[in-house]
Structures are given as structure tokens and as C-alpha cells.
Amino acid sequence: MKFAPFFRHYKQAIGSLPSGRSLGKEDLLTDVFLMATEGRLEMFYAPHNEYLNRSARIVIIGITPGWTQMKTAFQAARTALAEGLPDEEVCRRAKQAAGFAGSMRSHLQDMLDRLGLPEYLQISSSSALFGESRHLLHTISLLRYPVFAEKRNYTGARPDIWSSPLLRQQALSVGEELEELREALMIPLGRAVERVLRRFAEQGRIREEQVLWGFPHPSGANGHRHRQFAENEVPMRRRLSVFFGGPEAGTT
């Protein structure tokens, strides 16, 4: 795994966060962790997207870490620092704790199970990807660090990623990371992420056939996810079979 040194800049501030209670926006959405601003957008640091697992077989790509993920990552990092762990281990624990944290992870695991992904990976269920089989998974957000629009989670619109210099720069940076994972299956969560990956595929940065197109965003706020999943279930199953060399690999 590759460790990025950004954490070291914020290490002291993380270690100084209040202990013994859940962290709130008043603790984290502050100038201390503010990395950049652009119009109504603010980008903050969070200590959970600083590893690249080159051996991953599955890459799950979100739009940006939301508030729940951000808080979970900071709380895990705060605890790990208090235990005196090395920087790399602090960030690893933060990443494991925060990867699509909350109800979104449950919805995500349910959809992956319904597609039969565990059978291809020879694991008991998709939940193992966030536990004992974590070495098979790399999670990342298209916008590596949490982006908020007027203190609300950025959803991929208003503004469009490509119309914002700040967001475009972040997305292109993650594109470089994805280029190093050309043998892994990529699962973009939602249409905003999918649009960016289609551009990367057109540019040859990733392979079109390694992307599970049509996967809905698993957030509970996406009231259309069940319909979107049903509409795309058959082609997604076919893509999985082809990618992993299943019985449909020789068919079109």
C-alpha cells in the first residue's frame, strides 16, 4: 500500500480534538481542517483516503466523503493516535472505519450480494470486503477529501465537476490513481461518478470493460436506487460474468 504524507500536516490538530465524546461539525468544519474554497464550495481534510491498495480486486468509487464518513474517520484516527500507533496504521484504521460508513454500506453490500459478487471472489458475503477480506477492496472518492456546498454534502451537481477548477483538479488527481488499478473491477456509485469514469475510459486511463456501469448510488437519500438497480441488474450480472471469466464470458 502507498501512504500519502498529508496526514502529518494535520496530525497534531487531530490529536488535539476533544476526547470522550462524538465529534461535531463545530469541531471539524473549521479553518484548521479547511483545505480550499471556491464560491459556495468548501473542501476539508479527512484522514482516510491516503492509501492505495494496488492488490485490490474491487474498487468502489464514491463522489466525495460525506459528513458521516468524515466524522467516523476523525474519531477512528483520534483513538488510534491516543493509542500511540504509527501514522500509517492510524490512517488505515480511519479508512477501514469510514469506508461508506452508515446505512449506505448496508445498502451497498445488499446490492453486491444480489449481483453474486461474493461467489466470484470466493467470500461469504460482500460484508467481508469491509472485514476479514478487506485486502481485496480499495475504496476511494472521486473527490478525495470531503466537499461541502454551503455546509451540505456535495452530490455531484451544482456545480458540475468539470465546470469547477477545484473539483476538476481533484477528479483528475484521482484519475491518476485509478490508472494504477487497471486489473481491478471498478464500481462507480451513481451517475455523477459514472460520467467521470466514462470520460476516463474515453481517454484510455481506465478500461471500459473493467467498470460495472449502471450501479446506483446506495445512499438512502436516493429514492430511485431500487428501480435503477432492477433496470440494470441483468447487464450488471453479465458484466460481472464477463469480467471474472464466468459462463457468459464468450457471449455478447
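Above this text is the structure in question.
Residues numbered from 1 in each chain as written. Predicted model: local features only at pLDDT ≥ 70, side-chain atom pairs only at ≥ 80, totals over all residues. Heavy atoms only, no water.

Secondary structure assignment for the protein chain yields nine helices and nine strands. For 252 residues, the compact-globule estimate of 2.2 N^0.38 gives 18 Å, and the protein chain sits close to it at 18 Å. Across the protein chain, the fraction of contacts at a sequence separation of at least 24, relative to all contacts at a separation of at least 6, is 74%. Approximately 11,500 Å² of the protein chain is accessible, and the part contributed by carbon and sulfur atoms is 47%. Mean positive and mean negative side-chain charge positions of the protein chain (33 and 28 charges, respectively) differ by 2 Å. (Helix = DSSP H or I, 4+ residues; strand = E, 2+ residues; numbered from the N terminus. Rg over C-alpha atoms; globule rule 2.2 N^0.38 Å. Contact = heavy atoms within 4.5 Å. Areas by Shrake-Rupley, 256 points an atom, 1.4 Å probe, with all protein chains shown as cover. Lys, Arg positive; Asp, Glu negative; His and termini not counted. Charge placed at Lys NZ, Arg CZ, Asp CG, Glu CD.)

Here we come to the packing of aromatic side chains. Within this structure, the stated rule accounts for nine aromatic pairs. Plain terms: the ring middles of Phe6 and Tyr145 are 5.9 Å apart, the flat faces sit at 80 degrees to each other, and that makes the pair edge-to-face. With a gap of 139 residues between them, Phe6 in helix α1 (residues 6-15) and Tyr145 in the loop between β6 (137-141) and β7 (147-149) connect regions that are remote in the sequence. Residue class for Phe6 comes out partly exposed when judged on its relative accessible area of 40%. Arranged with centres 6.0 Å apart and planes meeting at 70 degrees, the rings of Phe44 and Phe148 form a pair that is edge-to-face. (Phe/Tyr/Trp six-rings, centres within 6.5 Å; stacked < 30°, edge-to-face > 60°. Buried < 20%, exposed > 50% of the residue type's maximum accessible area, 1.4 Å probe, protein only.)

Within the secondary structure, Leu85 sits in the loop between α3 (67-82) and α4 (87-98). Setting aside anything within four residues of it in sequence, one finds Leu85 in contact with Ala80, Val90 and Arg93.

Tracing the backbone shows Gly62 in strand β5 (residues 58-62). On the accessibility criterion, Gly62 (3% relative accessible area) is buried. Taking the C-alpha atoms as reference points, Gly62 and Glu194, separated by 132 residues in sequence, lie 9.6 Å from one another. Not counting chain neighbours up to four residues away, the residues in contact with Gly62 comprise Phe100, Ile140, Ser141, Leu142, Leu189 and Val193.

Turning our eyes to something else, we now look at the nonpolar core. With 57 residues, the main nonpolar core has Ile14, Met70, Phe74, Leu178, Met186 and Leu197 as its most contacted residues. At eight residues, the largest contribution of residues to this core is made by α3. Filtering out sequence-adjacent residues up to four positions away, Met186 remains in contact with Val59, Ile61, Leu178, Leu181, Leu197, Ile206, Gln210, Val211 and Leu212. Core analysis: the second largest hydrophobic core is formed by 24 residues, Met111, Leu112, Leu189 and Met236 among them. (Core = buried A, V, L, I, M, F, W, Y, C linked by side-chain atoms within 4.5 Å.)

Bringing the sheet that holds strand β9 (residues 185-188) into the picture now. Across the sheet, which stays open at both edges, the three strands sit in the order β6-β5-β9 with parallel pairing between neighbours. The open sheet terminates on both sides in strands that have one partner only, identified here as β6 and β9. Looking at each pair of strands side by side, their axes are set apart by 20 degrees on average, direction ignored. Inspection of the sheet shows β5 paired to β6 by five bridges, in the parallel sense. (Pairing = 2+ DSSP bridges. Axes fitted to C-alpha atoms, helices over the stretch in contact; angles between N-to-C directions.)

Read these as spatial facts, not as claims about activity.
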